[in-house]
Amino acid sequence: LKNDIMDKENLLNKIDKRKLPVHIAIIMDGNGRWAKKRHLPRTFGHKKGVERVDEIVETAGDIGLKYLTLYAFSTENWQRSKTEVAVLMKLLHHYLVKELPRMQKNNIRFNTIGDIKKLPDFVYDKLVEVKELTGNNSGLTLILALNYGGRDDIVNAINSIIKNKLNKVTETEVSNYLYTSAIPDPDLLIRTSGEQRISNFLLWQLSYSELYFTPVLWPEFDKTEFYKAILEFQNRERRFGGL
Ligand code: FPP
């Protein structure tokens, strides 16, 4: 245990506070496989996954990150069993109720991307409430991607644009119509569980993001793993297509 604490502190000390990413996006994958390995139902993996959400949000706040976006429910996730979808919705609601006081205490502003009107009413109402109540906080912005799909985001933007104008559009205008209009593009995308795909996450917004893939399953992606991802990011050279 003592070694473990020293490891964590060493990693934290190696992080250059002046070169932090502003926005980290995470595809939290591998809850099901984590549970399967232990002969537990998939939903146990999601429960364990929420504990990692708590830990990563807290760490993000501690290091002074400005934006953290977590892919919690995709437009494709409706295809899962009714029970699994129901459990995810309950976990989400429970998370919001439990975390609201901590968000206020830690100055966290809560937001969402995706078509949340299609979520069950009890979840939708809570999401709106937590967004409103934390709207004036100025620390970390925590964004949950819920019923979010990258293609849906772009199609949605195109439909809004053609409602408003029919002449040529610019990249800036497209950005302004996406769910992420007020949020800078991610500097770093993390995906857990060994899959190396974008899976319809922020398709437009990830254009120049550094991609970090780790075999660690989401229920095991702790603070130390998070620091490792940030360190790897700091060791890469970002050129944005220039020299
Ligand atoms: C991927 O694991 C994870 C999800 C589809 C949902 C992520 C949700 C949580 C971490 C919990 C709810 C979130 C909050 C913020 C309360 P998977 O089921 O695809 O795993 P597998 O690929 O191993 O089957």
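Right above here is the structure, for reference.
Below or above, wherever it landed, is the structure these notes cover. (Residues numbered from 1 in each chain as written. Predicted model: local features only at pLDDT ≥ 70, side-chain atom pairs only at ≥ 80, totals over all residues. Heavy atoms only, no water.)

**Here's the deal with the site of the ligand**
Here comes step 1: Close contacts around the ligand come from 16 residues, with Asp29, Gly32, Arg33, Arg42 and Arg80 the closest.
Here comes step 2: Residue glycine 30 places a main-chain N or O atom 3.3 Å away from an oxygen atom belonging to the ligand.
Here comes step 3: Contacts to the ligand include arginine 42, whose side-chain N or O atom sits 2.8 Å from an oxygen atom.
Here comes step 4: A total of 620 Å² of accessible area belongs to the ligand in isolation, and the protein chains cover 92% of it.
Here comes step 5: Elements with a minimum of two residues in the shell around the ligand: helix H2 (31–37), helix H3 (42–63) and helix H4 (82–105). (Near = heavy atom within 4 Å. Polar contact = N/O pair within 3.5 Å; in protein donor to acceptor, adjacent residues only side chain to side chain. Areas by Shrake-Rupley, 256 points an atom, 1.4 Å probe, with all protein chains shown as cover. Helix = DSSP H or I, 4+ residues; strand = E, 2+ residues; numbered from the N terminus.)

**Points about the pairing of strand S3 (residues 109–113)**
Here comes step 1: Inspection of the sheet shows S3 paired to strand S4 (residues 141–148) by five bridges, in the parallel sense. Its bridge partner being in S4, threonine 112 is matched across the sheet by leucine 144.
Here comes step 2: Where the polypeptide runs from S3 across helix H5 (residues 121–134) and back to S4, its parallel neighbour, the crossover connection is left-handed. (Pairing = 2+ DSSP bridges. Right-handed = clockwise from strand over helix to strand, strands pointing away.)

**Concerning helix H6 (residues 150–164)**
Here comes step 1: Taking 1.5 Å of rise per residue, 15 residues should cover 21 Å, and H6 covers 21 Å from first to last C-alpha, within 8% of that figure.
Here comes step 2: Every buried residue belonging to H6 is among Gly150, Asp153, Ala157 and Ile161, and all of these are buried. One side of H6 holds all its buried residues, which, seen down the axis, span an arc of 65°. With respect to the buried face of H6, the exposed residues turned more than 90 degrees away are Arg151 and Lys163. (Expected span 1.5 Å × (residues − 1). Buried < 20%, exposed > 50% of the residue type's maximum accessible area, 1.4 Å probe, protein only. Arc of directions from axis to C-beta.)

**Considering helix H8 (residues 223–234)**
In an α-helix, one full turn covers 3.6 residues, which means residues spaced three or four apart are oriented alike.
Here comes step 1: Taking 1.5 Å of rise per residue, the 12 residues of H8 would be expected to cover 16 Å, and the 17 Å separating its terminal C-alpha atoms lies within 8% of that figure.
Here comes step 2: Across the 12 residues that make up H8, a large majority, nine, are buried.
Here comes step 3: Those residues of H8 not exposed but buried are Thr224, Glu225, Phe226, Tyr227, Ala229, Ile230, Leu231, Phe233 and Gln234.

**Here we look at the nonpolar core**
Here comes step 1: By size, the foremost hydrophobic cluster in this structure holds 48 residues, and its most contacted members are Ile26, Leu68 and Phe226.
Here comes step 2: Among the elements of the structure, strand S1 (23–27), H3, strand S2 (67–74), H4, H5, S4, strand S5 (188–191) and H8 are those that each provide at least two residues to this core.
Here comes step 3: Ranked by residue count, the leading element in this core is H4, at nine residues.
Here comes step 4: Leaving out residues up to four positions away in the same chain, leucine 68 has contacts with His23, Ile24, Ile26, Ile56, Val57, Ala60, Leu140, Thr141, Leu142 and Ile143.
Here comes step 5: The next biggest cluster of nonpolar side chains, apart from the first, holds 13 residues, and it includes Tyr71, Ile143, Ala145 and Ile183. (Core = buried A, V, L, I, M, F, W, Y, C linked by side-chain atoms within 4.5 Å. Contact = heavy atoms within 4.5 Å.)

By themselves, these are just geometric observations and shouldn't be taken as functional.
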